[in-house]
Amino acid sequence: MEIKKVMVIGAGQMGAGIAQVCAQAGYDCLLHDLNEDYCLRGLGVIRKNLARQVDKGKMTQDQMEVILAYIQPSTDLHNASGVDLVIEAAVENMEVKTKIFRELDKIAPDHAILASNTSSLPITEIAAATSRPEKVIGMHFMNPVPVMKLVEIIRGLATDDEVYELIEGMTKTIGKVPVEVNDYPGFVSNRILMPMINEAIYTLYEGVATKEAIDEVMKLGMNHPMGPLTLADFIGLDTCLYIMETLYDGFGDSKYRPCPLLRKYVKAGWLGRKSGRGFYEYS
């Protein structure tokens, strides 16, 4: 099988980025969301990203228009009937994801591969919502997608070797580096990253240092490009909390217990950059 046409479900920051890199590699791409406004917003983000590359002289205006022509908006999930690969980048919630995969299983062609961009949820459980678990796989892209090279490739319990090889090859085609990881909560990236962020929040919660000092220590002392509290704001504190809860529930280990301050900020609606306030304020 050859992957020629891709549907990306979710036109948010991650989904738009995934659609962009697929289109840049010459794949016909459907950018799907619940309504046209969401799709247009996602397309606007892609256009802005590409325009920045034109301004830097890394591509021409004509090249930008060719890339954009590969991407079409979609608000009808039945459009998945003509694709070879679906990459789901919806909200990080098992109920939402299994509902989408159950519907896709009925609509997508028999040969189509169903992939999830989940950052922490078990691929095996998502695959169990379908009648084709052998064709379900995880493709965890990093944010921002056009810049970050890594894609964690996660096999479910039943994922075929051929499906893995196709997705590994496609990942290289879009200019990313595939790394195979096993199907455990948080995989590798978030199993390591999120407890570090959570511990940084505990350090603030316990009054060990100010938020600025914590971020400065990790930037200057550990050579991190961004402090953990700034990074948490960038990711979204609600997302951080959800992943910590997934780790805590999945392993039953108290070391993954979310910090009470993280819970408090999320309940207050202080979600980071996207809400204008998290550990820092954003205008």
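For clarity, every value in this text was computed on a predicted model and none was experimentally measured. (Residues numbered from 1 in each chain as written. Predicted model: local features only at pLDDT ≥ 70, side-chain atom pairs only at ≥ 80, totals over all residues. Heavy atoms only, no water.)

A. Layout of the overall build of the protein. Counting its secondary structure elements, the protein contains eleven helices and eight strands. In terms of overall size, the protein behaves like a compact globule, its C-alpha atoms giving a radius of gyration of 19 Å where 283 residues would be expected to give roughly 19 Å. Here the protein holds 283 residues, and the buried ones make up 48% of them. Counting contacts in the protein only where the partners sit at least 6 residues apart, residues at least 24 apart contribute 67% of the total. When the accessible surface of the protein is summed, it comes to about 13,700 Å², and 51% of that surface belongs to carbon and sulfur atoms. (Helix = DSSP H or I, 4+ residues; strand = E, 2+ residues; numbered from the N terminus. Rg over C-alpha atoms; globule rule 2.2 N^0.38 Å. Buried < 20%, exposed > 50% of the residue type's maximum accessible area, 1.4 Å probe, protein only. Contact = heavy atoms within 4.5 Å. Areas by Shrake-Rupley, 256 points an atom, 1.4 Å probe, with all protein chains shown as cover.)

B. Expanded view of the nonpolar core. Core analysis: the biggest nonpolar cluster contains 39 residues, and V6, I46, L85, I87, M139, F141 and M170 have the highest contact counts within it. With seven residues, the single largest contributor to this core is helix α1 (residues 13-24). (Core = buried A, V, L, I, M, F, W, Y, C linked by side-chain atoms within 4.5 Å.)

C. Molecular detail of the packing of aromatic side chains. In total, this model carries four aromatic pairs according to the counting rule given. Measuring from ring centre to ring centre gives 6.3 Å for Y202 and Y205, while their planes differ by 70°; the resulting arrangement is edge-to-face. Of this pair, Y202 and Y205 both sit in helix α7 (residues 189-205), separated by three residues, roughly a single helical turn. Of the residues examined, Y202 reaches a relative accessible area of 12% and is grouped as buried. Both rings, one in Y265 and one in F279, keep their centres 5.0 Å apart while their planes meet at 35°; by these two values the pair is tilted. Of the two residues, Y265 is situated in helix α11 (residues 260-267) and F279 in the segment after α11; the sequence distance between them amounts to 14 residues. Each member of the pair, Y265 as well as F279, is classed as buried. Put simply, the rings of Y265, W270 and F279 pair up and form one aromatic cluster. Geometry around Y164 places R155 over its ring, the cationic atom sitting 4.4 Å from the centre. The ring of Y280 carries the charged tip of K211 above its face, separated from the ring centre by 5.6 Å. (Phe/Tyr/Trp six-rings, centres within 6.5 Å; stacked < 30°, edge-to-face > 60°. Lys NZ or Arg CZ within 6 Å of the ring centre and 35° of its normal.)

D. Layout of the side chain of S120. As for its placement among the helices and strands, S120 is situated in the loop between β5 (113-116) and α5 (123-127). On the basis of relative accessibility, which here comes to 1%, the residue S120 falls in the buried class. Polar side-chain contacts of S120 include one of 2.9 Å to the side chain of E92. Those residues in contact with S120, other than ones at most four positions away along the chain, are E92, P185, G186, F187, I243 and T246. (Polar contact = N/O pair within 3.5 Å; in protein donor to acceptor, adjacent residues only side chain to side chain.)

E. How the structure looks around a positive patch on the surface. Residues K48, R52, K56 and K58 make up a contiguous surface patch of positive charge. Tracing the chain through its elements places K48 in helix α2 (residues 36-55). Residue K48 is classed as exposed on the basis of its relative accessible area of 57%. (Patch = residues over 30% accessible without salt bridge, like charges linked within 9 Å, V, L, I, M, F, W, Y side chains within 5 Å. Salt bridge = Lys/Arg side-chain N within 4 Å of Asp/Glu carboxyl O. Lys, Arg positive; Asp, Glu negative; His and termini not counted. Charge placed at Lys NZ, Arg CZ, Asp CG, Glu CD.)

F. Main features of helix α3 (residues 61-69). Here α3 has its buried residues at M64, I67 and L68. Down the axis of α3, the buried side of the element spans an arc of 100°, and every buried residue falls inside it. Opposite the buried face of α3, by more than 90 degrees, sit the exposed residues D62 and A69. For α3, the secondary structure elements touched by its buried residues are α1, α2 and β3 (71-74). (Arc of directions from axis to C-beta.)

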